[in-house]
Amino acid sequence: QVQLVESGGGLVQTGGSLRLSCAASGLTFSQYAMAWFRQAPGKEREFVAAIRSSTTYYADSVEGRFTISRDNAKNTVYLQMNSLKPEDTAVYYCAAKLRGSGYYTTIQYSYWGQGTQVTISS
């Protein structure tokens, strides 16, 4: 079955950096669009970034600070997060979808990881 396993979360200070990884198995990775979403306490899960082939998409709130990338040989998608802010604190989830051109809503994705906690201290 399809599994998505996130790693790399942690506690960092404002202005710091983290790199999240999501290792995928049970699917033909290169055929899937991959995305990162996040969910802060008491809030809905929101889109962060997505990648299909080499085309990337970002939420306005992270544009210029976060970079999504993928390594098809390793079945892994990454999220490099720089200039982190307290408002970036959330559980970050990896997601995968096979078809369709929409990338920004949770309903468009078929598979999800369990999430990794990112906490930014002020």
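Structure shown above.
Read on for a plain summary of the structure. Quick caveat: nothing in here was measured; it's all calculated off a predicted structure.

## Points about the nonpolar core
Here's step 1: Core analysis: the biggest nonpolar cluster contains 37 residues, and Met-34, Trp-36, Val-77, Leu-79, Met-81 and Tyr-92 have the highest contact counts within it.
Here's step 2: If you list the elements that add at least two residues to this core, you get strand E3 (18–25), strand E4 (33–39), strand E5 (46–52), strand E7 (66–71), strand E8 (76–81), strand E9 (90–97) and strand E11 (116–121).
Here's step 3: Excluding anything up to four places from it in sequence, Val-77 contacts Leu-20, Ser-21, Cys-22, Phe-29, Met-34, Trp-36, Ile-51, Ile-68, Ser-69, Arg-70 and Cys-94.

## Describing the environment of Thr-89
Here's step 1: Looking at where Thr-89 falls in the secondary structure, it is placed in the loop between E8 and E9.
Here's step 2: Looking at Thr-89, the relative accessible area reads 22%, which means it is partly exposed.
Here's step 3: The spacing of Thr-89 and Val-118 is 29 residues in sequence and 5.4 Å in space, taken between C-alpha atoms.
Here's step 4: Apart from the residues lying within four places of it in its own chain, the contact partners of Thr-89 are Ala-40, Gln-117, Val-118, Thr-119 and Ile-120.

## Considerations on the side chain of Arg-65
Here's step 1: Examined against the element boundaries, Arg-65 turns out to sit in the loop between strand E6 (55–58) and E7.
Here's step 2: On the basis of relative accessibility, which here comes to 11%, the residue Arg-65 falls in the buried class.
Here's step 3: Of note is the side chain of Arg-65, whose polar atom sits 3.0 Å from the backbone oxygen of Ser-83.
Here's step 4: Residues in contact with Arg-65, not counting those within four places in the same chain, are Gln-80, Met-81, Asn-82, Ser-83, Leu-84, Lys-85 and Asp-88.

## Here we look at the sheet that holds E3
Here's step 1: The sheet built from four strands is open, its strands ordered E1-E3-E8-E7 with antiparallel pairing. The open sheet has two free edges, formed respectively by strand E1 (3–7) and E7, since each of these has just one partner strand. Across the sheet, the mean angle from the axis of one strand to that of its neighbour is 15 degrees, orientation sign disregarded.
Here's step 2: Inspection of the sheet shows E7 paired to E8 by six bridges, in the antiparallel sense. Across the sheet, the residue bridging to Ser-69 is Tyr-78, located in E8.

The rules behind each value
Residues numbered from 1 in each chain as written. Predicted model: local features only at pLDDT ≥ 70, side-chain atom pairs only at ≥ 80, totals over all residues. Heavy atoms only, no water. Core = buried A, V, L, I, M, F, W, Y, C linked by side-chain atoms within 4.5 Å. Buried < 20%, exposed > 50% of the residue type's maximum accessible area, 1.4 Å probe, protein only. Helix = DSSP H or I, 4+ residues; strand = E, 2+ residues; numbered from the N terminus. Contact = heavy atoms within 4.5 Å. Polar contact = N/O pair within 3.5 Å; in protein donor to acceptor, adjacent residues only side chain to side chain. Pairing = 2+ DSSP bridges. Axes fitted to C-alpha atoms, helices over the stretch in contact; angles between N-to-C directions.

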